[in-house]
Amino acid sequence: DAKTTQPPSMDCAEGRAANLPCNHSTISGNEYVYWYRQIHSQGPQYIIHGLKNNETNEMASLIITEDRKSSTLILPHATLRDTAVYYCIVSYLAGGTSYGKLTFGQGTILTVHP
Amino acid sequence: ETGVTQSPTHLIKTRGQQVTLRCSSQSGHNTVSWYQQALGQGPQFIFQYYREEENGRGNFPPRFSGLQFPNYSSELNVNALELDDSALYLCASSATGSGGYTFGSGTRLTVV
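Residues numbered from 1 in each chain as written. Chains lettered and ligands numbered in written order. Predicted model: local features only at pLDDT ≥ 70, side-chain atom pairs only at ≥ 80, totals over all residues. Heavy atoms only, no water.

### A closer look at the overall build of chain B
Line of reasoning, step 1. Scanning chain B for helices and strands turns up 0 helices and 11 strands.
Line of reasoning, step 2. Going from N to C terminus, chain B has its helices and strands arranged as β-β-β-β-β-β-β-β-β-β-β.
Line of reasoning, step 3. Taking 112 residues into account, the globule formula puts the C-alpha radius of gyration at 13 Å, and chain B, at 13 Å, falls close to it.
Line of reasoning, step 4. Counting every position in chain B, which comprises 112 residues, the buried fraction comes to 51%.
Line of reasoning, step 5. Here the contacts in chain B between residues at least 6 apart in sequence split such that 53% fall between residues at least 24 apart. (Helix = DSSP H or I, 4+ residues; strand = E, 2+ residues; numbered from the N terminus. Rg over C-alpha atoms; globule rule 2.2 N^0.38 Å. Buried < 20%, exposed > 50% of the residue type's maximum accessible area, 1.4 Å probe, protein only. Contact = heavy atoms within 4.5 Å.)

### What about the pattern of salt bridges?
Line of reasoning, step 1. Under the counting rule described, the total for this entry stands at 5 salt bridges over all chains.
Line of reasoning, step 2. Several salt bridges converge on common partners, so that one network encompasses Arg-63, Glu-82 and Asp-85 of chain B. (Salt bridge = Lys/Arg side-chain N within 4 Å of Asp/Glu carboxyl O.)

### Examining the sheet that holds strand S6 (residues 61-64) of chain A
Residue and element names in this part refer to chain A.
Line of reasoning, step 1. The strand order across the open sheet built from 4 strands is S2-S7-S6-S5, with neighbouring strands paired in antiparallel fashion. Edge positions in the sheet fall to strand S2 (18-23) and strand S5 (55-56), since each has one partner strand and no second.
Line of reasoning, step 2. When S6 meets strand S7 (residues 70-75), the two strands line up antiparallel, connected through 4 bridges. Bridge pairing in S7 links Ile-63 to Thr-72. (Pairing = 2+ DSSP bridges.)

### Here's the deal with the interface of chain A and chain B
Line of reasoning, step 1. The interface is formed by 21 residues belonging to chain A together with 27 residues belonging to chain B.
Line of reasoning, step 2. Carbon and sulfur atoms make up 55% of the area that chain A and chain B hide from each other, which totals about 1700 Å².
Line of reasoning, step 3. Where chain A touches chain B, the interface holds 0 salt bridges.
Line of reasoning, step 4. Applying the counting rule to chain A against chain B returns 4 residue pairs in polar contact (both at pLDDT 80 or more).
Line of reasoning, step 5. Secondary structure elements with two or more residues in the side of chain A that touches chain B: strand S3 (32-38) and strand S4 (45-50) of chain A. (Buried area = accessible area lost by both parts, 1.4 Å probe. Polar contact = N/O pair within 3.5 Å; in protein donor to acceptor, adjacent residues only side chain to side chain.)

### Some points on the side chain of Ser-93 of chain B
Residues and elements named next belong to chain B.
Line of reasoning, step 1. Within the secondary structure, Ser-93 sits in strand S9 (residues 87-94).
Line of reasoning, step 2. With a relative accessible area of 0%, Ser-93 lands in the buried category.
Line of reasoning, step 3. Excluding its chain neighbours within four sequence positions, the residues that come into contact with Ser-93 are Val-4, Ser-25, Gln-26, His-29, Thr-31, Val-32, Gly-100, Tyr-101 and Thr-102.

### With respect to the environment of Ser-74 of chain B
Line of reasoning, step 1. Here Ser-74 of chain B shows up in strand S8 (residues 73-78).
Line of reasoning, step 2. In contact with Ser-74 of chain B, not counting residues within four places along its chain, are Leu-21, Arg-22, Cys-23, Val-32, Trp-34, Leu-67, Gln-68, Phe-69 and Cys-91 of chain B.

Below is the structure:
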């Protein structure tokens, strides 16, 4: 499994953009970059995923470098409810026979301050 | 969509006992995975089922077993419980090629 490296913690002011980096230098050609977050005592929540193009949805944007060795998750206007552990995971596409198991590391603890 | 529902939410068992945890997935989600999350750690993959067949397994002993049913429900069974089995057990489901997994809120198992 390709491994990821994330900073253990980050702070962000409410209303500002939160930029969470992730390194995945051993990613293979058909592995996707996934982001999940986990708020205390809840199950992980899917945020976004991408293969090589930048992606945006209602929650966040994902910027993947051209060589695919790193990526950044952007929360454009962080709120207090975005305080959580954010996991960057490299995996095959979820579902079916593709065996898209998720290998969770320690993640980044994002704390959003008032 | 109704999400992923797990039951029970909390459970206390005695060492050596057996336990069954249940998960109800969204309609159309033909893939279900189970994860174990110890306190302060990230979730660890136990196994995955696709169309009622196990198609992937993590580093867990055979006393961890599962079933997936045609109605999108599934079970995780753990035999001969050990103290180290105390953890949050998470169920996650997905439809083929849909992108991400939807996780349930988990079952908190305490083994005493």
